[in-house]
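# Structural features, examined
Here is what each chain is made of, one letter per residue.
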Amino acid sequence: MKTTLNLNDQILRQAKGQAAQGGITLTKFVEDALREKLMAEHDQRPAFKLRMRTVRGYAPPNVDISDRDALYDVMDRG
């Protein structure tokens with residue numbers, strides 16, 4: 001898409017110089033700069049924060065888990 005922009009002369013000269021230095025066109029340079037700016041604004045969302053809830057409960061009974069019958073008894077009472 002073609003667009004006309006009114007740019008500050010000094011900024012345009014710097015952009016052309018950096019584009020030439022990087023071996024890219026001015027169009028590519030401007031596109032990259034716009035993309036970087038847009039992505040930076042997109043990334044400024046507050047970071048997700050996981051809130052852990054603490055739930056009070058009761059301590060499980062002391063059961064020897066190698067004793068199948070005792071384990072089943074505790075699970076059936078549950």
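The structure this text deals with has already been given above.
What you see as residue numbers is a count from 1 along each chain, following the sequence as written. Reporting of local features is limited, given that this is a predicted model, to residues whose pLDDT is at least 70; pairs of side-chain atoms are given and counted only at 80 or more, and all residues count toward the totals for whole chains, interfaces and linings. As a rule here, side-chain values cover all heavy atoms of the structure and leave hydrogens and water aside.

### A short note on the overall build of the protein
Under the DSSP-based scheme used, a helix requires at least four consecutive residues in state H or I and a strand at least two consecutive residues in state E, with every element numbered from the N terminus. Summing up its helical and strand segments, the protein has three helices and zero strands in all. Ordered by position from the N terminus, the helices and strands of the protein form the series α-α-α. Its C-alpha atoms give the protein principal-axis dimensions of about 85 × 25 × 25 Å. Three labels apply to residues, based on accessible area from a 1.4 Å probe with only protein chains included: buried if under 20% of the type maximum, exposed if over 50%, partly exposed otherwise in between. Going through the 78 residues of the protein one by one, you find that 4% of them count as buried. Reported accessibility uses the Shrake-Rupley method at a 1.4 Å probe radius. Residues are deemed covered only where the shown protein chains occlude them. Summed over all atoms, the accessible surface of the protein reaches about 8,300 Å², with 53% contributed by carbon and sulfur. None of His or the chain ends enter the tally, which takes Lys and Arg as positive and Asp and Glu as negative. One atom stands in for each charge, and that atom is NZ of Lys, CZ of Arg, CG of Asp or CD of Glu. Each charge class in the protein was averaged separately, 13 positive and 11 negative side chains, and the resulting centres sit 13 Å apart.

### Some points on the pattern of salt bridges
Take a side-chain nitrogen of Lys or Arg and a carboxyl oxygen of Asp or Glu: if they are within 4 Å of each other, that pair is a salt bridge. Inspection of the entire model under this criterion finds two salt bridges. When the shortest N-O distance is used, the salt bridge between Asp32 and Lys28 registers 3.0 Å. With Asp32 and Lys28 both in helix H2 (residues 26–42) and four residues apart, the pair spans about one turn of that helix. Given a relative accessible area of 27%, Asp32 falls into the partly exposed group. Judged by relative accessible area, which is 36%, Lys28 ranks as partly exposed. Each member of the salt-bridge network shares a partner with another, and the members are Lys28, Asp32 and Arg35.

### Notes on helix H1 (residues 9–22)
Here the expected length of a helix is defined as 1.5 Å per residue gap, with one fewer gap than residues. Between its terminal C-alpha atoms H1 stretches 20 Å, which fits the 20 Å expected from 14 residues at 1.5 Å a residue. One side-chain oxygen of the residue at the start of H1 lies 2.8 Å from the amide nitrogen of Gln10, identifying that residue as Asn8. With its phi angle positive at about 70°, Gly23 sits one or two positions after the end of H1. Here a polar contact is recorded for every N or O atom pair within 3.5 Å, except that within protein the pair must consist of a potential hydrogen donor and a potential acceptor, and residues adjacent in sequence are included only if both atoms are side-chain atoms.

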